[in-house]
Amino acid sequence: MWRSFVAVFLLIGFSSCNKSEESPKEQIKLWYNSPATDWESEALPIGNGFIGAMFFGGVAEEQIQFSEGTLWSGGPGSSEAYNFGVKKDAWKHLAEVRKLLDEGKFKKAHNIANKELTGFNPKEENSLGMFGTYGGQQTMGDLFVKVGHESEVQNYKRELDLQNAEGRVSYTVDDTSYERTYFANYPSKVLVYQFKSSETTSYVVSFKSPHVQKVASFENGVFKFEGAVSDNNMAFETRMKFNTDGELTFENGELVVSDATYLEIFHTAATEYLNEYPTYKGNNYVAQNKKVFDAIEEKSFAALQKEHNTDYNSLFQRVQIDLGENTQDSIPTNERIANYASGTEDFGLEELYFQFGRYMMISASRPGSMPLNLQGKWNNSTNPPWANDYHMNINQQMLYWPAEVTNLHECHEPLFDYMEGLVEPGRQTAKEFFNTRGWVVNTMNNPFGYTAPGWKFPWGFFPGGAAWLSQHLWEHYEFTQDEIFLIETAYPLMKEAALFWIDYLIEDENGYLVSSPSYSPEHGGISKGASMDHQIAWDLLNNCIAAAEVLGVDADFKALAIQKRDQIFPPAIGKWGQLQEWKEDVDNPKNTHRHVSHLYAVHPGKQITLETTPELAKAASVSLNARGDEGTGWSLAWKVNFWARFKDGNRAYKLYQRLLQPASKGINGAGKGSGTYPNLFCAHPPFQLDGNMGGTAGMAEMLVQSHSGIIELLPALPDAWKNGSIKGLKARGGYELALEWKKGLLVGATVISETGKPCIVKYEDKEIALQPEKGEQISLDSELNVSKK
């Protein structure tokens, strides 16, 4: 576990930056005038980091589906053959593959790599599920609550309040009012559901799980369900405590509530999973749930709600955004999205999308929990798309892009804890597949140490996963300046990831270091050097060098890292002016593939910038233009960030608007288009949370950038955002910012230094060097003149 430097400062910005927490300019809500009928596109999410739930708001029957982040199929318990995907001594085929590449025999080299360097195919080990013993994240089940009324419903409203992280449903039947409130409490590790009515009502509560039932009981107002996943026997328990003024009876596996004006359900869940190689089991989930319920024994609904609101708002209220006049709050969210696609100006929807990304991160990634996966903590399936896993060739990293810049650094912690658990299996993969030191992670990763290459190339080969993850360690240090974290957690993980690349890179015919064999993620064929590999290795070594300098350690390693970094094959400009995706100049200008991996050095890397490498930046923009403005949800979001780094706010905004286009559902619910579902889930399709997170990060990137070592204000402000303000964004170096602009021009800014370190602030062609004291607030006007408060 790692220790986090926590500093909370009150940022006093311009009056227009400060949307009052008591009287906000608008309600930050998603709302609808009908129940949800589809889980993916309409149900609404709540979560406490550990458990994610989706409520439908049904009238005659409410459905609350939930999943717990550690419940997975697959892994060691699913088959004696499960070995983390590792093929012993696979590295012995590397020399032959490299020789064939040197001879230009790419097809033969690929055939051998695809046979000998792939990980064991889990589908051949076990026939259960799409991914066999690799497994998949699992839904735990569904809670159903039938409500005793039958007449026509009036005044129906279903909403998700992002300011308080509460779901609500309200309506009337025959002059009787019905209200429901849902929230997910992180400090107490419970989900809470309240049903209220102005007259006495009856309820029938039932629970259904797709997994093996071991024990189900109801005693003293508490329902317990203990079960197990069928293929690996992963055990779990979910508990629900019921509080009501009505009469409770338990009949035929259902809870019947009679003559009640309120019903409160307190809900928790846990599994036996432990992130400890090689068994990944051992958590006493029954004792854990008992401890949770013992702790809330004397806590009322109101007390848990207050505890939840206080905890949640300590994070959410750090950032407030105002992009202009908002006149659309009275329109249901699904209609707002449709109107937006038709050209209706809706700054409030854009603000809502930004804050929804922050809401989802707070709700699904809290200290002590598993990190976000492809769908966060929301999954209604036992066989979800792409296993709902940790995809390491962009998706996992993209999920955490907003963490630091949008002032949620604590939410980054689960990723770092998880990374520590990947080191040991990652070492085995590095040794057996590549004969190197260090640790690696490839494209697909489950919570059971599967760090090996995938079972088919090209998609399965991506040993850059650990190095890319390591960028998040350095970014966390850059934003927080937490040297304890750097020395105890970040630097050791970064250094060991760097050892892999120091060993794996080989000299080419011109003396450059290249990654061989190499595949650009999910695109193209085998190569003597995919540009993304080289850019990631350069970035990792560069960050290790900087970390060693900060800590004053490892002079010999630093010297070696400098030598290797500077010897890596550099970004190259190809025959049609593009940034090459591979060492070989074979890019197709008509290719519009969703992956744009060779632009890593632009974003999230910093090897290529407009200021330091203008020719390479131009080539990168040529490549990006060629790929076009379409793509899957996450791809659109990445392009928003690229164009922001190119300081083209209008192009970034165009991509952002495309990201918010309505995503449609086809036959049998299949996704038909990328964009945004009515519940604001981003569609790959299907739903993937990385698009939401990438979009939120892209908005921040348009307003503040600090990757170059300079804090740049409004670097990519689009023309559409004429007047606005934002408060609480973070900048590298340990700074918190507030900005205000009118008619597209900066009015002023405030900068608070959390460390007392110097910085340079830039706006357009103006720069100022600041030397603040720790905790000092500095106000800047439109000309960057200083006044201290």
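None of the values given here were measured: they were computed from a predicted structure.

Calculation notes
- Residues numbered from 1 in each chain as written.
- Predicted model: local features only at pLDDT ≥ 70, side-chain atom pairs only at ≥ 80, totals over all residues.
- Heavy atoms only, no water.
- Helix = DSSP H or I, 4+ residues; strand = E, 2+ residues; numbered from the N terminus.
- Rg over C-alpha atoms; globule rule 2.2 N^0.38 Å.
- Contact = heavy atoms within 4.5 Å.
- Areas by Shrake-Rupley, 256 points an atom, 1.4 Å probe, with all protein chains shown as cover.
- Lys, Arg positive; Asp, Glu negative; His and termini not counted.
- Charge placed at Lys NZ, Arg CZ, Asp CG, Glu CD.
- Axes fitted to C-alpha atoms, helices over the stretch in contact; angles between N-to-C directions.
- Parallel < 35°, antiparallel > 145°, perpendicular 65-115°, else oblique.
- Nonpolar A, V, L, I, M, F, W, Y, C, P; charged D, E, K, R; others polar.
- Core = buried A, V, L, I, M, F, W, Y, C linked by side-chain atoms within 4.5 Å.
- Buried < 20%, exposed > 50% of the residue type's maximum accessible area, 1.4 Å probe, protein only.
- Phe/Tyr/Trp six-rings, centres within 6.5 Å; stacked < 30°, edge-to-face > 60°.
- Lys NZ or Arg CZ within 6 Å of the ring centre and 35° of its normal.
- Pairing = 2+ DSSP bridges.
- Left-handed = near helix turned anticlockwise from the far one by under 90°.
- Salt bridge = Lys/Arg side-chain N within 4 Å of Asp/Glu carboxyl O.

A word on the overall build of the protein. When its secondary structure is counted, the protein shows 18 helices and 32 strands. Its C-alpha atoms give the protein a radius of gyration of 26 Å, within 12% of the compact-globule value 28 Å for 789 residues. Across its three principal axes, the protein shows a C-alpha extent of roughly 85 × 65 × 50 Å. Restricting to contacts in the protein with at least 6 residues of sequence separation, those with at least 24 account for 67%. In the form shown here, the protein has an accessible surface area of approximately 27300 Å², with 48% of it arising from carbon and sulfur atoms. Here the protein contributes 72 positive and 100 negative side-chain charges, whose respective centroids are spaced 5 Å apart.

Relative orientation of the contacting elements helix H7 (residues 347–364) and helix H17 (residues 649–659) amounts to 80 degrees, with a least axis distance of 12 Å. Between H7 and H17, the crossing angle belongs to the class labelled roughly perpendicular. Between H7, through Glu350, Tyr353 and Phe354, and H17, the contact on the second element is made entirely by Tyr653, Tyr656 and Leu659. For the contact of H7 with H17, the residue count by class is five nonpolar, no polar and one charged.

Ranked by internal contacts, the top residues of the largest apolar core, which has 228 residues, are Ile46, Leu162, Tyr193, Trp721 and Val761. Considering each element in turn, this core owes the most residues, 13 residues, to helix H12 (residues 483–504). Phe183, Val190, Phe301 and Leu304 belong to the second-largest nonpolar core, a separate cluster that totals ten residues.

What follows is about the packing of aromatic side chains. One pass over the full model with this rule turns up 55 aromatic pairs. Between Phe218 and Phe250, the aromatic rings sit 5.1 Å apart at their centres with planes inclined by 15 degrees, giving stacked as the arrangement. Linking Phe218 in strand S10 (residues 212–219) with Phe250 in strand S13 (residues 247–251), this pair joins segments that are 32 residues apart in sequence. Given the relative accessible area of 32%, Phe250 is considered partly exposed. Where Tyr653 meets Trp721, the ring centres are 5.6 Å apart and the plane angle is 75 degrees; that geometry is what we call edge-to-face. Placement of Tyr653 in helix H17 and of Trp721 in the loop between strand S25 (711–713) and strand S26 (724–731) is noted, with a sequence separation of 68 residues between them. Comparing Tyr653 with Trp721 shows no difference in burial state: the two are buried. Members of the aromatic cluster, each reached through a chain of ring pairs, are Trp72, Tyr82, Phe84, Tyr273, Tyr277, Tyr280, Tyr390, Tyr418 and Phe448. A cation sits over an aromatic face here: Arg366 above Tyr186, 4.1 Å from the ring centre. The residue whose ring lies beneath Lys583 is Phe569, and the NZ or CZ to ring-centre distance is 5.3 Å.

It is worth spelling out the pairing of strand S5 (residues 141–147) at this point. Judged by how many residues are buried, S5 sits mostly within the fold: six of seven residues are covered. Sheet topology note: the strand S4 (residues 61–68)/S5 ladder contains six bridges and is antiparallel. Its bridge partner lying in S5, Glu62 is registered against Val145. Note: S5 against strand S9 (residues 190–208), six bridges, orientation antiparallel. Pairing of Val145 across the sheet is with Val205, part of S9.

What follows is about the sheet that holds S25. One open sheet holds the four strands; their spatial order is S24-S25-S29-S30, and the pairing between them is mixed. Since the sheet does not close on itself, it has two edges, and those belong to strand S24 (704–705) and strand S30 (766–770), each with one partner. Direction of pairing for S25 relative to strand S29 (residues 759–763): parallel, over a ladder of two bridges. Bridging across to S29, Glu712 finds its partner in Lys762.

All right, on to the packing of H17 against helix H18 (residues 689–703) then. Two elements in contact, H17 and H18, have axes separated by 11 Å at closest approach and are oriented at 155 degrees. Overall, the two elements H17 and H18 adopt an arrangement that is roughly antiparallel. In the crossing of H17 with H18, the sense of the turn from one axis to the other is left-handed. Contacts between H17 and H18 pair Gly649, Ala652, Tyr653, Tyr656 and Leu659 from the former with Gly691, Gly695, Met699 and Met702 from the latter. In terms of residue class, the contact of H17 with H18 is made up of six nonpolar, three polar and no charged.

What follows deals with the pattern of salt bridges. A side chain of one charge can pair with a side chain of the opposite charge if their charged atoms are brought near each other. Applying the stated rule across the entire model yields 44 salt bridges. A salt bridge links Arg180 to Glu62; its shortest N-O distance comes to 3.2 Å. Of this pair, Arg180 sits in strand S8 (residues 176–185) while Glu62 sits in strand S4, and the two are 118 residues apart along the sequence. In this structure, Arg180 and Glu62 share a single accessibility class: buried. Two residues, Glu754 and Lys730, come together in a salt bridge whose shortest N-O distance is 3.4 Å. Of this pair, Glu754 sits in the loop between strand S28 (745–753) and S29 while Lys730 sits in strand S26, placing them 24 residues apart in sequence. The two residues Glu754 and Lys730 agree in class, both being buried. Each of the salt bridges in this network shares a partner with another, and the network as a whole consists of Lys29, Lys157, Glu159, Asp161, Glu166 and Arg168.

Leaving glycine out, the prevailing phi sign among residues is negative, and the prevailing peptide bond configuration is trans. In this structure, the amide linkage connecting Tyr277 to the following residue, Pro278, adopts the cis form with an omega of 5 degrees. Take Pro278: it is sitting in the loop between strand S14 (254–271) and helix H4 (285–295). Across the junction of His603 and Pro604, the peptide omega takes the value 10 degrees, indicating a cis bond. Looking at the element boundaries, Pro604 is found in the loop between helix H14 (555–567) and helix H15 (614–627). Despite not being glycine, Gln481 shows a phi value in the positive range, around 60 degrees. Looking at the secondary structure, you find Gln481 in the loop between helix H11 (465–480) and H12. Judged by relative accessible area, Gln481 falls into the buried class, the value being 13%. Even without a glycine there, the phi angle at Lys647 is positive, about 65 degrees. Positionally, Lys647 belongs in the loop between helix H16 (633–645) and H17. Its relative accessible area of 23% is what places Lys647 among the partly exposed residues.

Where strand S6 (residues 153–161) and strand S7 (residues 166–173) come together, seven bridges link them in antiparallel fashion. Looking at S7, one finds that Arg158 is bridged to Val169. Adjacent in sequence and paired antiparallel, S6 and S7 are bridged by four residues, among which Ala165 carries a positive phi angle near 55 degrees.

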